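# Close look at the chain arrangement
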Amino acid sequence: MGTRDRIETVLASIRPAIRSDGGDVELVGWDEDQGRVIVRLMGACEACPISMLTLKEGIEQRLRASVPEVLTVEAN
């Protein structure tokens, strides 16, 4: 399984919690050279005041723990 597939698998495991709050997350891109994942926060996450906390403390931590190639996660 490639890195992008492993990233998608982790995001799929996170989605139910995000969707329960009316939001969603979509993988926009993977920059292998920089170890950077780019995601789009959608729905309620777009206007949520704690969306950056969700991004860094939730999504980024889970991805970094599960996919060692991931160094950072950014929102598009």
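For clarity, every value in this text was computed on a predicted model and none was experimentally measured. (Residues numbered from 1 in each chain as written. Predicted model: local features only at pLDDT ≥ 70, side-chain atom pairs only at ≥ 80, totals over all residues. Heavy atoms only, no water.)

An ideal rise of 1.5 Å per residue puts 26 Å on 18 residues; helix α1 (residues 3–20) measures up with 27 Å between its terminal C-alpha atoms. Along its length, α1 reaches its greatest deviation from straightness, about 40 degrees, at Ile14, and the proline Pro16 lies no more than four positions downstream. Buried within α1 are the following residues: Thr3, Ile7, Val10, Leu11, Ile14, Arg15 and Ile18. Against the buried residues of α1 lie β1 (23–31), β2 (36–43), α2 (44–47) and α3 (51–66). Just past α1, the residue Gly22 takes up positive phi, approximately 90 degrees. (Helix = DSSP H or I, 4+ residues; strand = E, 2+ residues; numbered from the N terminus. Expected span 1.5 Å × (residues − 1). Bend = angle between axes of the 7 residues up to and from the residue. Buried < 20%, exposed > 50% of the residue type's maximum accessible area, 1.4 Å probe, protein only. Contact = heavy atoms within 4.5 Å.)

Taken in spatial order, the 3 strands of this open sheet run β1-β2-β3, and their pairing is mixed. Bordering the open sheet on either side are β1 and β3 (72–75), each of which pairs with just one other strand. On average, each strand axis in the sheet is inclined to that of its neighbour by 30 degrees, with strand direction left out of account. In this structure, β2 lies alongside β3, joined through 4 bridges in parallel fashion. By the bridge assignment, Ile38 is partnered in β3 with Glu74. In this fold α1 packs onto β1 and β2, with an angle of close to 165 degrees to the strand it touches most, β1. Sitting on the sheet, α3 is in contact with β1, β2 and β3, with an inclination near 145 degrees to β3. (Pairing = 2+ DSSP bridges. Axes fitted to C-alpha atoms, helices over the stretch in contact; angles between N-to-C directions.)

Another point: the environment of Ser13. Note on placement: Ser13 falls in helix α1. Note on Ser13: relative accessible area 41%, which makes it partly exposed. Remark: the alpha-carbon pair of Ser13 and Gly43, spanning 30 residues in sequence, is separated by 18 Å. A polar contact of 2.6 Å, which involves the side chain of Ser13, links it to the backbone oxygen of Val10. Side-chain polar atoms of Ser13 contact the side chain of Arg62, separated by 3.0 Å. (Polar contact = N/O pair within 3.5 Å; in protein donor to acceptor, adjacent residues only side chain to side chain.)

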